[in-house]
Amino acid sequence: RQERRQKLLDEAENSAKRNAAVAMKWASLLEKDVPQDLIREMEKQRDTCNGIIRSKDKMIEAFQMQLRAKDDEYVKALKKQAEDIDFLLERMGRQFIELRKAQEDELQQIEQAFSQERAELLEAHHKDLESLYEKRRQMEQKCMEIKMERQEEDAKQLEALRTQDAEEYNILKIKLETEIQMYEQQLEEMRSTYQLNTEKLEYNLRVLHERDIENATTISQQKRKLARLQDALSNQMAKYAKLDKHYRQKNLELTEEYKRITDQFKDLQAKFRHFEIADQKKYRDVWAMNSHIVSDLVRKILLADKIVHEQQLGLNWFPPNEEVLQSGGLQLDKDKDRPQQ
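These notes cover the structure that comes with them. (Residues numbered from 1 in each chain as written. Predicted model: local features only at pLDDT ≥ 70, side-chain atom pairs only at ≥ 80, totals over all residues. Heavy atoms only, no water.)

Side note on a nonpolar patch on the surface
Thinking step 1. The grouping of Tyr74, Val75 and Leu78 at the surface amounts to a nonpolar patch, some 270 Å² of accessible area in total.
Thinking step 2. Looking at the element boundaries, Tyr74 is found in helix 2 (residues 35–138). (Patch = residues over 30% accessible without salt bridge, like charges linked within 9 Å, V, L, I, M, F, W, Y side chains within 5 Å. Areas by Shrake-Rupley, 256 points an atom, 1.4 Å probe, with all protein chains shown as cover. Salt bridge = Lys/Arg side-chain N within 4 Å of Asp/Glu carboxyl O. Helix = DSSP H or I, 4+ residues; strand = E, 2+ residues; numbered from the N terminus.)

Spelled out as structure tokens, the structure:
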């Protein structure tokens, strides 16, 4: 970037010098009286202008080549970024599949554990029933009423356990399915958020990098400038102290000199008013004497200018305003007409 800026500055400086040279040469072209010399000089001016244009075209072509190179780099960077994002999405997909499989395996293990626990509970209750039946056989006459009540109570407990286990199993299954759906939704949100944050971070990184470079350059320049200004301030302070002392002394001397010159100036004013009146009278006498000669010369010059316009250059000639010539504005009108010639 610094190199491009330096090239632009060098090209601008060279172009300014060439343009200044061309602009300075136009004034000399207006002084040419011979058409052949004027044509040759105009051809040189045209070659010089063409050289300036070619230099500008070369600079434009160089910047266009750099721009195309930067575009190619940007396209390659976008392709690399797209490949990285695809790889990351594929990896996240595999992780999601593995996580879902692990959740399904865990759910299956939980179902198996509940089934096994239910079977163990049923087996335990069956054993209890068998033991009760054995006691009933042993105490059939004595414990008939107690056995019937206990059987009813055990049947109620068994049914309650079955119902409770079924409800807990359904609740756990619904909870796990809900968590799987929530994880899938969070995964999609994370994908979109990650892609958006990646684009924002890359843009912010480029902006911050450019600002960091600009700030570093500015800080370095300001530090150098501050050091130079501090040195200049010290020098100026010392110089100011020296000059202040010198000019204070000189002020005293000049004050005395001013008083003396003031007196002389008053004398000169009186003499000046006297000589001014005499010079004005002499100027009016000389002006009246030479006005006829100047009028004849003006008419000859206008006639020659008309011949050059109409016969040599083939242009329309317009005479200047007579009131301007009579009021003393002849030189101003000639300067205005020169660019048209």
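Still more ground to cover, so stick around.
A word on the pattern of salt bridges
Thinking step 1. A full pass over the atoms with the stated rule returns 9 salt bridges.
Thinking step 2. Between Glu90 and Arg94 there is a salt bridge, and its shortest N-O distance comes to 3.3 Å. Here Arg94 and Glu90 lie together in helix 2, a separation of 4 residues that amounts to about one turn.
Thinking step 3. Salt-bridge contacts for Asp296 lead to Arg299; the nearest nitrogen and oxygen are separated by 2.2 Å. Of the two residues, Asp296 and Arg299 both sit in helix 3 (residues 144–313), 3 residues apart, roughly one turn of that helix.
Thinking step 4. The exposure class of Asp296 is partly exposed, given its relative accessible area of 37%. (Buried < 20%, exposed > 50% of the residue type's maximum accessible area, 1.4 Å probe, protein only.)

Here we look at the packing of aromatic side chains
Thinking step 1. The tally for this structure, following the rule as stated, stands at 1 aromatic pair.
Thinking step 2. Pairing Tyr283 with Trp287 gives two aromatic rings, centres 6.3 Å apart and planes at 35°, and the pair type is tilted. Taken together, the residues Tyr283 and Trp287, both in helix 3 and 4 residues apart, mark about one turn of the helix.
Thinking step 3. Residue classification places Tyr283 among the exposed residues on the basis of a relative accessible area of 54%. (Phe/Tyr/Trp six-rings, centres within 6.5 Å; stacked < 30°, edge-to-face > 60°.)

Side note on the side chain of Gln103
Thinking step 1. In this fold, Gln103 is placed in helix 2.
Thinking step 2. Its relative accessible area of 18% is what places Gln103 among the buried residues.

Here we look at the environment of Gln108
Thinking step 1. On the secondary structure map, Gln108 appears in helix 2.
Thinking step 2. Counting along the chain gives 65 residues from Gln108 to Lys173, while the straight-line C-alpha distance between them is 9.9 Å.

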